[in-house]
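Here are the chains, one letter per residue:
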Amino acid sequence: MKTRYTRWVLCLLMTSLVMPASGFAAAVASNDRPATPPPAVAPLIEDYSIEMMSGEKLYLPDPDIPDASAFNREAIEEKLAGRPDGTPSVSVERIGGVSALGDFVDEGRAREWVVRQFSHPQAILVNSGKVTLDDVYRQVDDPRYMERMEDGAYIIRLPLAVRQDATLVMRDQTLRLSEERGAFIANDGWLFAIDSNIVGWREQAGGPATFQEHESFRPFYVGWGGSENFILGTTMANLGYLQSKSYGFTVAQYSEYDNARLNRSAPHAWLVDSTFEDLYYGFYCYEAEDVAIVNNLYRDNIVYGIDPHDYSERLLIANNEVYGTREKHGIIISREVNNSWIIGNKSYNNGLSGIVLDRQSSNNIVANNVSYDNQGDGIGLYESPDNLLWGNRVMNNLRNGIRVRNSSNVDVYHNVAVLNGTWGIYGQLKDLSATDRNFKEDFYSYEVSMRVVGGELASNASGPLSTDNPAYISIYDVGMRFPRSNVGIHFEGVLGEYQAKIFDALRNQNRAVHIEPSAVVSGQVTQAEN
């Protein structure tokens, strides 16, 4: 098998030498990535051959999954107890020169706070010590900036910044962030929100700052490089809008320019047993590491439910319920989010797909999730090779149960895909050259390959399984029952060419099949989007 595959790759490499764009160098994460898309070249159907083999060759052990139960109340309380008991120090100062606030005064953004504060912008600064909201209130001592309401909740009317090494603790309290006055939270140190409420607040209406328009300011939360963010048993609501690092709940590294001076490590966060609703993005991160998002509820958020982004690593997204995302996906990891786990989540009734891996996100495990009633795919892999989908259930999604687009070496093991609007599993080649994609930053290979083992593909509208011409596909022990088509279970394209042999191997011989090109003639593959 490797010999034939090697010949095919060599043929494609030779083809690429005479074409204006080469996607093969783009598959290498380096500064030498080409700024052009890969050639949309794939084998022709007549290039393929099929091999029957023992299913043992496709055996994989159960994946190694972190213990999500380690991220719990006791562990967070232990983290808090380990913080030093310094004397609380809080002040109100101008925001210039405060690292945690720099992004919001650069490039003209300061005007937002000049207009909202009617003066040179100021902020509440938690400077040092282990500080409670009561400490902040006493030391600010000015109702223009912070007030205790009749119901016991606090409202702040300035940005609140936690400096490096300081600790802010909220426990059993409600903190309202004034929309009209431009309040937000920026954590540069340690922040613990335990059994509390953090709410964007529209003072003129006397109620929450519910979403109105994408670019209309709403309060937000951001944890910067080096920060530690612990959210436990807390509700965060009515936050975020369409501005950088202002999306709702964000943890992000400082810019390369700023961090050359600050030298901060990656930000960390634990979000446990909490609720996030009506946030522009329920969760967003940039260059974060070792984040745990465990046992939370994400409901009715605007663009995304959970959206880890750019170059983040070792994330655990486990046992969350994500539904009602208005515009796009329930859970998505995008742009080289690697070595992470999406485990045991329930994602449903979202504006597009339930779970997505995007833009070269690799070496991830997506296991034991349930994704249903979404307006896109149950699970989608877009330009993201070398991932494992294990034991997921995808049901009644408008498009495919599982879509693997321009992604190679994907293992699809023991998944159940039923009652989806098109295919149970779909391997797709798609030419993205006509899009506005930055091909140097978001390189990809025009290639799809996967191993499909175990599980059940039943009663999907277009059929159980389809793939555009792949680099390879292996199939073993896959249940395919209850076709919705009048012609019964059927394949198209390469799989259709070998349908009788595939069914004979799977049903009669209990053997696996492996299909790949034995030689290649340059061809163009097009297939309608579904």
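First, a word on scope: everything that follows refers to the structure included in this document. (Residues numbered from 1 in each chain as written. Predicted model: local features only at pLDDT ≥ 70, side-chain atom pairs only at ≥ 80, totals over all residues. Heavy atoms only, no water.)

1. Thoughts on the overall build of the protein
(1) Moving on: Each helix and strand counted, the protein has seven helices and 44 strands in total.
(2) Moving on: For a compact globule of 530 residues, the expected C-alpha radius of gyration is about 24 Å, and the protein comes in at 26 Å, within 12% of that figure.
(3) Moving on: By its C-alpha atoms, the protein is 80 × 45 × 40 Å across when sized along the principal axes.
(4) Moving on: If you take every contact in the protein between residues at least 6 apart in sequence, the share linking residues at least 24 apart comes to 66%.
(5) Moving on: Of the roughly 20700 Å² of accessible surface on the protein, 47% is carried by carbon and sulfur atoms. (Helix = DSSP H or I, 4+ residues; strand = E, 2+ residues; numbered from the N terminus. Rg over C-alpha atoms; globule rule 2.2 N^0.38 Å. Contact = heavy atoms within 4.5 Å. Areas by Shrake-Rupley, 256 points an atom, 1.4 Å probe, with all protein chains shown as cover.)

2. Notes on unusual backbone geometry
(1) Moving on: Here the phi dihedral of Asn 238 falls at roughly 60°; this positive angle occurs in a residue that is not glycine.
(2) Moving on: Under the relative-accessibility criterion, Asn 238 is labelled buried at 8%.
(3) Moving on: Of note, the phi angle at Asp 273 is positive, near 55°, even though the residue is not glycine.
(4) Moving on: Within the secondary structure, Asp 273 is located in the loop between strand S18 (268-272) and strand S19 (275-279). (Buried < 20%, exposed > 50% of the residue type's maximum accessible area, 1.4 Å probe, protein only.)

3. Focus on the nonpolar core
(1) Moving on: The biggest cluster of nonpolar side chains holds 87 residues, and the ones touching the most others in it are Phe 249 and Phe 283.
(2) Moving on: Here the element with the most residues in this core is helix H7 (residues 499-508); it accounts for four residues.
(3) Moving on: Setting aside residues up to four positions removed in sequence, Phe 283 forms contacts with Phe 249, Val 251, Leu 271, Val 291, Ile 293, Tyr 298, Gly 305, Ile 306, Asp 307 and Pro 308.
(4) Moving on: Formed by 28 residues, the second largest nonpolar core is a distinct cluster that contains Leu 58, Trp 270, Ala 367 and Val 453. (Core = buried A, V, L, I, M, F, W, Y, C linked by side-chain atoms within 4.5 Å.)

4. Considering the side chain of Gln 253
(1) Moving on: Along the chain, the position of Gln 253 falls in the loop between strand S17 (248-252) and helix H5 (256-262).
(2) Moving on: In this structure the side chain of Gln 253 is engaged in a polar contact, spanning 3.1 Å, whose partner is the backbone oxygen of Arg 264.
(3) Moving on: What Gln 253 contacts, discounting residues up to four positions off in sequence, is Trp 224, Gly 225, Asn 259, Arg 264, Ser 265, Ala 266, Pro 267, Tyr 286 and Glu 287. (Polar contact = N/O pair within 3.5 Å; in protein donor to acceptor, adjacent residues only side chain to side chain.)

5. Remarks on the pattern of salt bridges
Any two side chains of opposite charge can pair if their charged atoms end up close together.
(1) Moving on: Counted under the stated rule, the structure contains 27 salt bridges.
(2) Moving on: For Asp 358, the salt bridge goes to Arg 359, with nearest N and O atoms at 3.2 Å.
(3) Moving on: Judged by its relative accessible area of 10%, Asp 358 is buried.
(4) Moving on: Each of the salt bridges in this network shares a partner with another, and the network as a whole consists of Asp 310, Arg 335, Asp 358, Arg 359, Glu 441 and Asp 442. (Salt bridge = Lys/Arg side-chain N within 4 Å of Asp/Glu carboxyl O.)

6. A short note on the pairing of S19
(1) Moving on: Most of S19 is tucked away, with four of its five residues classed as buried.
(2) Moving on: Where strand S16 (residues 235-239) and S19 come together, four bridges link them in parallel fashion. Pairing of Thr 235 across the sheet is with Thr 275, part of S19.
(3) Moving on: Note: S19 against strand S22 (residues 297-299), three bridges, orientation parallel. By the bridge assignment for S22, Glu 277 is matched with Arg 299. (Pairing = 2+ DSSP bridges.)

7. Overview of the pairing of strand S20 (residues 281-286)
(1) Moving on: Burial runs high along S20: five of the six residues are buried.
(2) Moving on: One ladder, built from four bridges, connects S17 with S20; its direction is parallel. Bridging across to S20, Gly 248 finds its partner in Tyr 281.
(3) Moving on: In terms of strand pairing, S20 meets strand S23 (residues 304-309) through five bridges, oriented parallel. By the bridge assignment, Tyr 286 is partnered in S23 with His 309.

8. Here's the deal with H7
(1) Moving on: Listed in full, the buried residues belonging to H7 are Ile 502, Phe 503, Ala 505 and Leu 506. The arc that holds the buried residues of H7, viewed along the axis, is 165°, so those residues lie on one side. For H7, the exposed residues set more than 90 degrees away from the buried face come down to Ala 500, Arg 507 and Asn 508.
(2) Moving on: Each element contacted by the buried residues of H7 is listed here: strand S1 (48-53), strand S42 (472-476), strand S43 (479-481), helix H6 (493-497) and strand S44 (512-517).
(3) Moving on: With its phi angle positive at about 50°, Asn 510 sits one or two positions after the end of H7. (Arc of directions from axis to C-beta.)

9. Quick word on the packing of aromatic side chains
(1) Moving on: Applying the stated criterion across every chain, the model contains 32 aromatic pairs.
(2) Moving on: Residues Phe 220 and Tyr 241 carry aromatic rings whose centres are separated by 6.5 Å and whose planes lie at 45° to one another, so their mutual orientation is tilted. Within this pair, whereas Phe 220 is found in the loop between strand S13 (207-208) and strand S14 (221-223), its partner Tyr 241 is found in the loop between S16 and S17, the two being separated by 21 residues in sequence. Each member of the pair, Phe 220 as well as Tyr 241, carries the same accessibility label: buried.
(3) Moving on: Each member of the aromatic cluster is reached from another via a ring pair, and the members are Phe 104, Trp 113, Phe 184, Phe 217, Phe 220, Trp 224, Tyr 241 and Tyr 254.
(4) Moving on: Residue placement shows Arg 405 over the ring face of Tyr 382; its charged tip is 4.5 Å from the ring centre.
(5) Moving on: Taking NZ or CZ as reference, Arg 507 lies 4.5 Å from the ring centre of Phe 503, over its face. (Phe/Tyr/Trp six-rings, centres within 6.5 Å; stacked < 30°, edge-to-face > 60°. Lys NZ or Arg CZ within 6 Å of the ring centre and 35° of its normal.)

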